[in-house]
Amino acid sequence: MSIKFASNNTVLPQASFSQNEDKEYNKPKGHLIEHQPITHHITDTYNTTKDFYKALKGEGTDYTLGRLNDIATMAGSLGIAATLAKANPSKSSKAMEFVGFGTWFASMALWPKLFIGMPVKAKTGVDINQQYVDSYGRKKRFLEDAQYIPWDLVSDKKMNHIADKMNLPKTMKNRREATEDKIRQVSVQANTLWMLTAGLSTPLMSSLLADTLQPYVKAGVEKHNINKAQQALENAFDSKKEIKIDPKLEKNIKSGNVAEIKDYFANVGQKLNDKYAPKLNDKAAVKYKNFVDSELTSILGNSKDSLNLGQQNALKTLYKDTDKADKLLGYFKATLGDCEGSGLANEWGKVPQKMLNTLQFNKKDIKELSSANSEDAAKLVTKKLSSLKDDTHVVNKLADIIQNPLENTVKAQKTIEKYSKMLTGGMFNQKSTVGYGEQKSFQDLLNTNVVERLDDANSTFRRMTRFQEVAKSTPNDLKTFVKGVSDNSFHELNLLSKQGQNPKRYEELIKLHFGHLSDDHQNFIKNALRNQKSKGAYELSEGLNPKDVYKIQKQFLGQQPLGFLQDAAKQKQVYKNWKGAVGALSAATLLFTAITIAMMGKTNKYNPDVKSEGGTNTNEQH
Amino acid sequence: MSNFSINKPIQKYNYQRYVSFKGNEPTEDKKQNNEKAQEVPNLQDKALSSSPLSKLKTTALTTAKLPEYAYRGLKGDQNANFYEFLQLGNIPYLVGGGVLYKCFDWGGKGAAKNANLKLAGVLLYYGMIKASQMAIDTPVKMFRGIDLNQPYRHMSDLKVIDKKGTSPKRTEYHKLYESVDFTRWDLLYDRNGKKVNSKYDKLAHKMNANEEMNDSDSSLKPRIRSLIIQAKAYKTLLIAPFVTIAIGMASQKPWENLTTSSIKEGYQKAFSNKGILNKAKYAGLTTYQHFVKPIPDSFKAYWGSNKTAQGVILGTAALVGIANLHILSKSSLKKEKIAPPPDKQPETAQTKEVKKENVKEGGNK
């Protein structure tokens, strides 16, 4: 029966109470949340956003204000991830910043649920993550405030279940109150444990999760990048698909606004430089713009405020050509580019460590190799290579490792060659000064880059498959092979080549260092060594200083076996050290968590014993 | 100093050591003890000074209590409360940043660049969070006289420990305006002075009230409440752009020297000098070079890095301006019609009659 108030307030409610003593009062409307719909995050966020708007106007309560933090943390973290992503050059590292953001929040949410909540529930029956809705519809954590727990929302059945789990005697008086005390104790313990461990668990779990996800994310992003670049390339060169001219440019072409047209193409050229030049080849930086500029000058001539039909068409062609150049360079960058995030660069990046494993370097070797000086490292690697028992099997495995990246590299090279042949006329007839004062066309520049990348990969990785052959033919030179073309050996080769003395040794050394290259390439090396100042495939021109010559040749020669293996060992060792440190701290955190959970609910000076048979709870003892 | 000790003041009054309560019924004992508690200033809640030193003291005392909160919390102390839980919440906030940095630092030399960024990022993150709060707190204090961070000492009652109903107390440090629903208005009254409302009157003046008020406390409370809510909301809103700037700054070149080895080397060199003054001087210089100098430099570098950065910085500055204008204009009493105190109220026909009657009555007596 409900209490009725007269509309004019003349009847006092007290009078009604006194007349109906067995009246039922309004029961609290709160309830425990047993199952939340999956969409509750969306409705919660929506409600919080509404509360945010009200709070900005000055309306709200402690509860609504408390919830604003969630949105702020989320927005702040997204801002951080976006800023870090912007600062990163490659798309895969950009993606990783958002993965880091995700793993951070996942760790923050999962730690109290999986690593504290679940074991505590298993041990004591207490669910520290239990939520409830109060009479005002506010959602809260049931055990958040130990001094205010709405016990009336928990059924006797549930309390008895927890009491059984905690071995409270069934016959004891006031079993429910004793259970409440125990639950309060466990909740304080679990909340404290959560706060003490969250600062460790969140970054540790987040790092480990991100590290596990990284290869998949990188591979996914790279695959996506390559496919996207390939599609864009095919579209740009598809004669059936018309490339649409930028309307702004088209308008200026029609009206003969030469100044605007110049500005427009200067911008296009600069964009090409910014996007590709620094990443592809330092020496070629700011050169792509030159092709566009030269062609523009030749089209415009002395025109100032009007353009004839020929000029107009040539400008449209130039626009289309810049688009083709952009797509071709984009494909190069996504596949062969010497930068983080290029598909093949990363594919090759995995090879050294695989080779280290195949060459049977154990943990001890890797540790030694990573910290040894070059002489000791050379000895170590030579010893290791000469001690390999089934070396044919090892060599085959090495060849297997490089097979896929090599095939993909050649495939990308062929694609670029195919499309590069289709670049005719216009800006592709123009030449620009690059690197060492050579005049090169766009195609030349692109092809040189492609060949360099292929040679580099070939020289560095294929060389490793020759160690067995070297060891058999000139065993004493295995160490020379391992050390590779050092300054000294290069100098020796130079002298031998120029003086013509000891031709046998000269041939031996050439074979040792360059045997994996084709005859053409070997002849180029010989040629370059004989007369560094003559024009070879690398255009070694007059006035070039010896350092540059060596740099160019070294680039062609790839990475030397010792440096290659030592770098791989260092990487492996660093990763091992990192895993060791993160693993040790994670293990310590887990151990601390496990011990604390094992101790939960036990009697101590803050929680006197309540278990005595037929005994009483703490309150009654006083 | 004794004002700030958490348990000692209670022991000092050895007449009872504890203030006793017996059960829930209001007994004579309880009444007496309550009266005693009222008489002893150290057992009452008290608003503390707004000075930076006072705030530093309360922060230091609260921080020093964290190990105790953690220990008792791990034991499941039946007196542990939400305040202690919130204080423990500072641990993951501070430890998390450090561990995050170490997770990169352990990556060796290859990850050094990333680790620098994370260390600078973590430090700037904390700094910028503080800055985002100050961007609202400072104008509010300056123009409205309300120090949103003013501390007060709260004596928290613990569970009854004996048959007499003895209830020990613990000291907690809160902020006067931390709660919207339970703002400590009572601590703003001047109990000993001539005028109970003197503090509210001062606030009214700061809030641009044109004249004196009749009940400054009840007139101001809803407005201050609204101001607290707005300030909290805007402070929360500002966190996101401020930390974005923090990380943007951390990604800049001026922080490149912030490596563990270079910091270690810097301090080792500083401390290898002879004489305490020299040591302090060079340690200060190392701190300046590693941690202070890069702040303005990296800000300039971030500003120049791209247009998005400029947009973020200008947008944040605009947001700070809008937030303060909104809060200050809403809390202004300039255009409000406020009832003045009775003695200054203009005379109406009704009040004149009442006065006459009073005079008559007085005369009759």
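Because the structure is predicted, anything quoted here is derived from the model rather than measured. (Residues numbered from 1 in each chain as written. Chains lettered and ligands numbered in written order. Predicted model: local features only at pLDDT ≥ 70, side-chain atom pairs only at ≥ 80, totals over all residues. Heavy atoms only, no water.)

## Overview of the packing of helix H12 (residues 351-358) of chain A against helix H23 (residues 561-599) of chain A
Residue and element names in this part refer to chain A.
Here is step 1 of the chain: Running from N to C, H12 and H23 point in directions that differ by 95°, and their axes come no closer than 9 Å. Between H12 and H23, the angle falls in the class roughly perpendicular. In this structure, H12 uses Pro-352, Gln-353, Met-355, Leu-356 and Asn-357 to contact H23, whose residues at the interface are Phe-564, Leu-565, Ala-568, Ala-569, Gln-571 and Lys-572.
Here is step 2 of the chain: Along the lines of polarity and charge, the residues of the contact of H12 with H23 split into seven nonpolar, three polar and one charged. (Axes fitted to C-alpha atoms, helices over the stretch in contact; angles between N-to-C directions. Helix = DSSP H or I, 4+ residues; strand = E, 2+ residues; numbered from the N terminus. Parallel < 35°, antiparallel > 145°, perpendicular 65-115°, else oblique. Contact = heavy atoms within 4.5 Å. Nonpolar A, V, L, I, M, F, W, Y, C, P; charged D, E, K, R; others polar.)

## Topic: the pattern of salt bridges
Residue and element names in this part refer to chain B.
Here is step 1 of the chain: What the rule picks out here adds up to 30 salt bridges over all chains.
Here is step 2 of the chain: In this structure, Asp-181 and Arg-225 form a salt bridge, with 3.5 Å as the shortest nitrogen-oxygen distance. Here Arg-225 lies in helix H8 (residues 216-250) and Asp-181 lies in the loop between strand E5 (169-175) and helix H7 (198-206), a separation of 44 residues in the sequence.
Here is step 3 of the chain: The exposure class of Asp-181 is partly exposed, given its relative accessible area of 33%.
Here is step 4 of the chain: Judged by relative accessible area, which is 28%, Arg-225 ranks as partly exposed.
Here is step 5 of the chain: A salt bridge links Lys-195 to Asp-201; the nearest nitrogen and oxygen atoms lie 2.9 Å apart. (Salt bridge = Lys/Arg side-chain N within 4 Å of Asp/Glu carboxyl O. Buried < 20%, exposed > 50% of the residue type's maximum accessible area, 1.4 Å probe, protein only.)

## Topic: the side chain of Thr-286 of chain B
Residues and elements named next belong to chain B.
Here is step 1 of the chain: Residue placement: Thr-286 occurs in helix H10 (residues 276-292).
Here is step 2 of the chain: Among the polar contacts listed, one links the side chain of Thr-286 to the backbone oxygen of Tyr-282, at a separation of 2.7 Å.
Here is step 3 of the chain: In this view, Thr-286 contacts Gly-266, Tyr-267 and Ala-270; residues no more than four positions away in its chain are not counted. (Polar contact = N/O pair within 3.5 Å; in protein donor to acceptor, adjacent residues only side chain to side chain.)

## Digging into a nonpolar patch on the surface
All names here are of chain A.
Here is step 1 of the chain: A cluster of nonpolar side chains, Leu-110, Leu-114, Phe-115, Met-118 and Leu-590, forms an exposed patch at the surface whose accessible area comes to about 420 Å².
Here is step 2 of the chain: A per-element tally of the nonpolar patch places helix H4 (residues 91-124) first, with four residues.
Here is step 3 of the chain: Mapped onto the secondary structure, Leu-110 falls in helix H4. (Patch = residues over 30% accessible without salt bridge, like charges linked within 9 Å, V, L, I, M, F, W, Y side chains within 5 Å. Areas by Shrake-Rupley, 256 points an atom, 1.4 Å probe, with all protein chains shown as cover.)

## Looking at the interface of chain A and chain B
Here is step 1 of the chain: With 55 residues of chain A at the interface, the matching set in chain B holds 58 residues.
Here is step 2 of the chain: Between chain A and chain B, the buried area comes to about 4,500 Å², and carbon and sulfur atoms account for 69% of it.
Here is step 3 of the chain: When residues of chain A are sorted by the area they lose upon contact with chain B, Leu-56, Met-195 and Tyr-606 of chain A head the list and together hold 14% of the total.
Here is step 4 of the chain: Between the two partners, chain A and chain B, sit zero salt bridges.
Here is step 5 of the chain: At the boundary of chain A and chain B, one finds 17 residue pairs in polar contact (both at pLDDT 80 or more).
Here is step 6 of the chain: Sorting elements by how many residues they give to the side of chain A that touches chain B places helix H6 (residues 175-237) of chain A first, with 17 residues.
Here is step 7 of the chain: Class assignment for the residues of the side of chain A that touches chain B results in 28 nonpolar, 18 polar and nine charged. (Buried area = accessible area lost by both parts, 1.4 Å probe.)

## Concerning the nonpolar core
Here is step 1 of the chain: Core analysis: the biggest nonpolar cluster contains 88 residues, and Phe-265, Leu-315, Leu-359, Leu-369, Phe-442 and Phe-467 of chain A have the highest contact counts within it.
Here is step 2 of the chain: Listed in part, the 54 residues of the second largest apolar core include Leu-56 of chain A together with Met-207, Leu-258 and Ile-263 of chain B. (Core = buried A, V, L, I, M, F, W, Y, C linked by side-chain atoms within 4.5 Å.)

## Regarding the sheet that holds E5 of chain B
Backbone hydrogen bonds hold the strands of a sheet together, and the pairing may be parallel or antiparallel.
All names here are of chain B.
Here is step 1 of the chain: Ordered in space as E2-E3-E5, the three strands form an open sheet in which the pairing is antiparallel. In this open sheet, the two strands that pair with only one neighbour each are strand E2 (46-47) and E5.
Here is step 2 of the chain: Note: E2 against strand E3 (residues 151-157), two bridges, orientation antiparallel. Bridge pairing in E3 links Lys-46 to Arg-153.
Here is step 3 of the chain: Sheet strands in contact with helix H3 (residues 52-75) are E3 and E5, and its direction is about 130° off that of E5. (Pairing = 2+ DSSP bridges.)

## Let's talk about unusual backbone geometry
Only a minority of non-glycine residues have a phi that is not negative, and only a minority of peptide bonds are not trans.
Here is step 1 of the chain: In the Ramachandran plot, Asn-174 of chain A falls in the positive-phi region, its phi being about 50° despite a non-glycine side chain.
Here is step 2 of the chain: Inspection of the secondary structure assignment puts Asn-174 of chain A in the loop between helix H5 (156-165) and H6.
Here is step 3 of the chain: In this model, Asn-208 of chain B sits at a positive phi of 70°, which is unusual for a non-glycine residue.
Here is step 4 of the chain: With respect to the helices and strands, the residue Asn-208 of chain B is situated in the loop between H7 and H8.

## Concerning helix H7 (residues 247-255) of chain A
Residues and elements named next belong to chain A.
Here is step 1 of the chain: Those residues of H7 lying buried are Leu-249, Asn-252 and Ile-253. The arc that holds every buried residue of H7, seen down its axis, measures 105°, which confines them to one face. For H7, the exposed residues set more than 90 degrees away from the buried face come down to Pro-247, Lys-251 and Lys-254.
Here is step 2 of the chain: Phi turns positive, to about 70°, at Gly-256, one or two residues after H7. (Arc of directions from axis to C-beta.)

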